[in-house]
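Working through the structure, step by step
These are the residues of each chain, in order.
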Amino acid sequence: MKRFNLFQYMRGAALVAFAAAAWGAPSTTEITLPGTLVYPESITSTSDGTLIVGSLGHGNVLRIAPGKTTAEEWIKPGTGGLNAVLGVYAEEKGKTLWVCSNNMDGKGEATSVMSFDLESGAPKGTYLLPGDMALCNDIAVGADGTAYISDTRQASILMLKPGAKALEVAAKDPLLAGADGLAFGDKNVLYVNSVTTGKLLRLELGSDGKSKMIVDLKLSRPLERPDGMRAIGKERLLLAENSGKMDVVTFDGPEMQNAVIKTVKEGLESTPAVTLTKGMAWIVEGKLNYRNDPNMKGKDPGMFKMYAVPLPKK
């Protein structure tokens with residue numbers, strides 16, 4: 001019979017603890033956002049574990065430090081003309097936070113995509129969306145630094161090349177009606193979902209950055225009001241459905257036209273956004289039904305929470 005060695009046991013336990021710390025294994029899986037009527041619509045993150053939240057209700061941007069559970073106001077309402085906040089996207093390579101700022105009630109600055117310094121939160125640039133009915137919803141940034149923006153109301157994807165002063169149309173098509181979440185597959189593939197039609201589309205981009213083909217992908221099951229998306233590897237996506245689900249999407253079949261949807265968390269309330277950091281997949285309850293549904297308006301939505309689960313292996 002092997003004799004128990006207390007020293008070896010304690011040494012082994014210490015090594016396990018050290019390894020967990022070295023890998024930055026997070027223990028936090030739930031965060032309550034401060035205040036009332038926050039209505040978070042989008043979340044993003046950085047590789048150090050920082051979480052960033054765009055608040056539609058307050059028109060500001062919140063930040064949660066790595067390993068913490070307290071969200072603090074980072075970019076105040078009105079900063080640089082900031083209006084109602086929808087999409088937020090942290091581009092670490094360009095040290096930029098991209099924000100969709102929308103004039104949703106006829107007050108304040110026009111609908112734009114704005115850029116802020118990712119470290120200080122200082123405004124960097126403002127780029128107006130064309131058209132009277134524009135709705136800036138989400139942002140994704142390509143390998144060359146080109147920012148792509150979904151315009152949900154005008155069935156189009158806009159782009160802003162590095163150094164450009166104005167947006168230009170990258171794609172406009174009836175298939176893009178309700179265009180919402182954006183995420184890159186590889187440098188020439190941009191995925192787009194439609195919050196109104198439940199479609200998941202693949203845009204194949206040409207050398208000029210514009211779409212040369214739109215593919216309507218075949219879904220393994222119907223999507224219910226798909227919204228925010230984040231790339232979690234080549235041709236692998238994290239997806240929020242407003243029905244309260246967080247999914248991992250992979251692709252197979254001829255020319256990778258089949259989208260295989262696997263739900264990794266469900267049972268939440270009106271979930272518009274996801275992000276990934278340090279191996280944890282985060283989703284936020286936006287509860288936008290309390291704003292958009294006439295039967296819910298005026299009722300107390302309660303607190304707004306974010307939840308995380310370990311990212312499943314392939």
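Residues numbered from 1 in each chain as written. Predicted model: local features only at pLDDT ≥ 70, side-chain atom pairs only at ≥ 80, totals over all residues. Heavy atoms only, no water.

Remarks on the sheet that holds strand β14 (residues 179-184)
Here is the rule we go by: Here, any two strands with at least 2 DSSP bridges between them count as paired. The helix count covers DSSP runs of H or I at least four residues long, the strand count covers runs of E at least two residues long, and both are numbered beginning at the N terminus. Axes, fitted as lines to C-alpha atoms, cover a helix only where it is in contact. Angles between the N-to-C directions of the axes lie from 0 to 180 degrees.
As summarised here, the arrangement of the 4 strands in space is β14-β15-β16-β17, forming an open sheet in which the pairing is antiparallel. Each edge of the open sheet carries a strand with a single partner, namely β14 and β17 (211-216). Across this sheet, the average inter-strand angle for adjacent strands is 25 degrees, counted without regard to direction. As judged from the 4 bridges shared by β14 and strand β15 (residues 189-194), these two strands associate in the antiparallel manner. When the bridges of β15 are listed, F184 appears paired with L190.

Topic: the nonpolar core
Quick reminder of the rule: Throughout, nonpolar core names a set of buried Ala, Val, Leu, Ile, Met, Phe, Trp, Tyr and Cys residues whose side chains join them through atoms within 4.5 Å. Classification of residues uses two cut-offs on accessible area relative to the type maximum, computed with a 1.4 Å probe and protein chains only: under 20% is buried, over 50% is exposed, and between them is partly exposed. Residue contacts follow a heavy-atom distance rule, with two residues in contact if any of their heavy atoms lie within 4.5 Å.
Among the nonpolar cores identified, the biggest contains 38 residues, and L33, V113, I149 and M306 are the most heavily contacted of them. In this structure, V113 is in contact with W98, V99, G125, T126, Y127, L129, C136, I139, I149 and L167, ignoring residues within four places of it in sequence. Counting 16 residues, the second-largest nonpolar core is a separate cluster that includes A140, Y148, I157 and L176.

Structural notes on the sheet that holds strand β8 (residues 112-117)
Here we have 4 strands laid out as an open sheet, ordered β6-β7-β8-β9, and antiparallel in their pairing. Two strands bound the open sheet, and with one partner strand each, they are β6 (84-91) and β9 (123-128). Mean inter-strand twist for the sheet, computed between neighbouring axes without regard to direction, equals 20 degrees. In terms of strand pairing, strand β7 (residues 96-102) meets β8 through 6 bridges, oriented antiparallel. When the sheet's bridge partners are listed, C100 is paired in β8 with V113.

Let's talk about the pattern of salt bridges
Operational definition: A pair is scored as a salt bridge if a Lys or Arg side-chain nitrogen falls within 4 Å of a carboxyl oxygen belonging to Asp or Glu.
Under the defined criterion, the tally for this structure stands at 9 salt bridges. Between K210 and E168 there is a salt bridge, and its shortest N-O distance comes to 3.6 Å. Taken together, the residues span a long stretch of sequence, with K210 in the loop between β16 (200-205) and β17 and E168 in strand β13 (residues 168-172) at a distance of 42 residues. Taking relative accessible area as the criterion, K210 reaches 31% and is therefore assigned partly exposed. By relative accessible area, E168 is classed as partly exposed at 30%. The partner of E204 in a salt bridge is R202, with the nearest N and O atoms 3.7 Å apart. Assessed through its relative accessible area of 6%, R202 is described here as buried. Where salt bridges share partners, they join R221, E241 and D247 into one cluster.

Quick look at the packing of aromatic side chains
Given two aromatic rings, one states the distance between the centres and the angle between the planes to describe the pair. Let me state the cut-off plainly: Stacked, tilted and edge-to-face are the three classes applied to pairs of Phe, Tyr and Trp rings, where Trp contributes its six-membered ring and a pair requires centres within 6.5 Å; stacked means planes under 30 degrees apart, edge-to-face means over 60, and tilted covers the rest. Throughout this description, the term charge over a ring refers to an Arg CZ or Lys NZ atom that lies within 6 Å of the ring centre and within 35 degrees of the ring normal.
Counted under the stated rule, the structure contains 3 aromatic pairs. Consider the rings of Y39 and F304, whose centres lie 5.2 Å apart with planes at 70 degrees: the pair is edge-to-face. In this pair, Y39 sits in the loop between β1 (30-33) and β2 (40-45) while F304 sits in strand β25 (residues 304-310), placing the two residues 265 residues apart along the sequence. By relative accessible area, which is 6% here, Y39 ends up buried. Stacked on the ring of F304, the Lys or Arg K287 has its end atom at 5.5 Å from the ring centre.

Section: the pairing of strand β19 (residues 226-231)
Of all 6 residues in β19, 5 are buried; the element is thus mostly enclosed. Here β19 runs beside strand β20 (residues 237-241); their pairing, made up of 4 bridges, is antiparallel. Each residue of the ladder has a partner; that of A231, found in β20, is L237. In this antiparallel pair of consecutive strands, β19 and β20, the connection spans 5 residues, and G233 shows a positive phi of 135 degrees.

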